[in-house]
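Observations on chain architecture
Listed below are the residues making up each chain.
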Amino acid sequence: MNANLLPTGSAYFLTKETQSVERHTLSVLVDNEPGILARVVGLFSARGYNIDSLTVSETEHNKRLSRITVVVVATAKTLVQIKLQLERLIPVHKVHDLTAEGTALERELALIKVAGTGEHRAETLRLADAFRAQIVDATVESFVFEVTGKPSKIDSFIALMAPLGLVEVVRTGLAAISRGPEGM
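We now turn to the structure provided with this report.

Rules behind the numbers
Residues numbered from 1 in each chain as written. Predicted model: local features only at pLDDT ≥ 70, side-chain atom pairs only at ≥ 80, totals over all residues. Heavy atoms only, no water. Helix = DSSP H or I, 4+ residues; strand = E, 2+ residues; numbered from the N terminus. Rg over C-alpha atoms; globule rule 2.2 N^0.38 Å. Buried < 20%, exposed > 50% of the residue type's maximum accessible area, 1.4 Å probe, protein only. Contact = heavy atoms within 4.5 Å. Areas by Shrake-Rupley, 256 points an atom, 1.4 Å probe, with all protein chains shown as cover. Lys, Arg positive; Asp, Glu negative; His and termini not counted. Charge placed at Lys NZ, Arg CZ, Asp CG, Glu CD. Salt bridge = Lys/Arg side-chain N within 4 Å of Asp/Glu carboxyl O. Pairing = 2+ DSSP bridges. Axes fitted to C-alpha atoms, helices over the stretch in contact; angles between N-to-C directions.

When helices and strands are tallied, the protein chain shows five helices and 11 strands. By the compact-globule yardstick of 16 Å for 184 residues, the protein chain is too spread out, its C-alpha radius of gyration being 21 Å. C-alpha extents for the protein chain along the principal axes are approximately 70 × 55 × 35 Å. The buried share of the protein chain, reckoned over its 184 residues, is 34%. Within the protein chain, counting contacts between residues at least 6 apart in sequence, those at least 24 apart form 69% of the total. Just so you have it, the protein chain exposes about 11100 Å², and 55% of that area is on carbon and sulfur atoms. Charged side chains in the protein chain number 20 positive and 21 negative. The centres of these two groups are separated by 4 Å.

What follows covers the pattern of salt bridges. Within the structure shown, the criterion is met by eight salt bridges. In this structure, the salt-bridge partner of Glu-106 is Arg-23, at a minimum N-O distance of 3.3 Å. A residue pair is termed long-range when its members are at least 10 positions apart, and Glu-106 in strand E7 (residues 104–115) and Arg-23 in strand E3 (residues 21–31) qualify at 83 residues. Residue class for Glu-106 comes out buried when judged on its relative accessible area of 16%. The partly exposed category is assigned to Arg-23, whose relative accessible area is 39%. Between Glu-168 and Lys-113 there is a salt bridge, and its shortest N-O distance comes to 3.7 Å. With Glu-168 in strand E10 (residues 166–171) and Lys-113 in strand E7, the pair connects residues that are 55 residues apart, well separated along the chain. Take Glu-168: its relative accessible area is 42%, and that puts it in the partly exposed class.

So, on to the sheet that holds E3. Taking strand neighbours across the sheet as the criterion, the four strands line up as E4-E5-E3-E6 in an open arrangement whose pairing is antiparallel. Where the open sheet ends on each side, the last strands, each with one partner, are strand E4 (53–60) and strand E6 (92–97). For this sheet, the mean angle separating the axes of adjacent strands, direction not counted, is 20°. Of the strand pairs in this sheet, E3 and strand E5 (residues 65–75) are connected by 11 bridges, and their pairing is antiparallel. From the neighbouring strand, Val-28 faces E5, where its bridge partner is Ile-68. Taken strand by strand, helix H1 (residues 36–46) contacts E3, E4 and E5, and its axis lies near 10° from that of E5.

Burial runs high along E5: 10 of the 11 residues are buried. Bridging between E4 and E5 involves seven bridges; their strand directions are antiparallel. For Ser-57, the partnering residue across the bridge sits in E5 and is Arg-67. Adjacent in sequence and paired antiparallel, E4 and E5 are bridged by four residues, among which Arg-64 carries a positive phi angle near 55°.

So this is what it looks like as structure tokens:
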């Protein structure tokens, strides 16, 4: 018998170690009221769920609604629990799993500080141009670049800047929206 399978009656169930984890982007529409973000984050922390990225902003000012974009890495079973528990919170209007619903548009913004002189400085500028990074601050010893795009693009840019004098990185977290004509 496979060590990862446990007999239960006549059926076999996978143990926790064999369940695959997947990255999912959840979009949560909530009332914009004091304490809602703390309640959502508290839901995750109380159950030991990790948040990879969290972004929140008011999106419909006249209706006082905010959108929370949460990126989690979880098993299918855990993901179902997260969605059910989010839907039970009173100020939550809708929860959408953008990953499960199809291809979503995902973007992130990063500010990246790179120090360097001479050849490193020239190479830094060449790579920044290739990534369409905007220079938002420059001194004779450093640059601060603004890079917007998919998280993988930002990861690649950071990896290339590391040997050239990477000093500091600040990332906004993921913003995501579903494709097509329907809204949330």
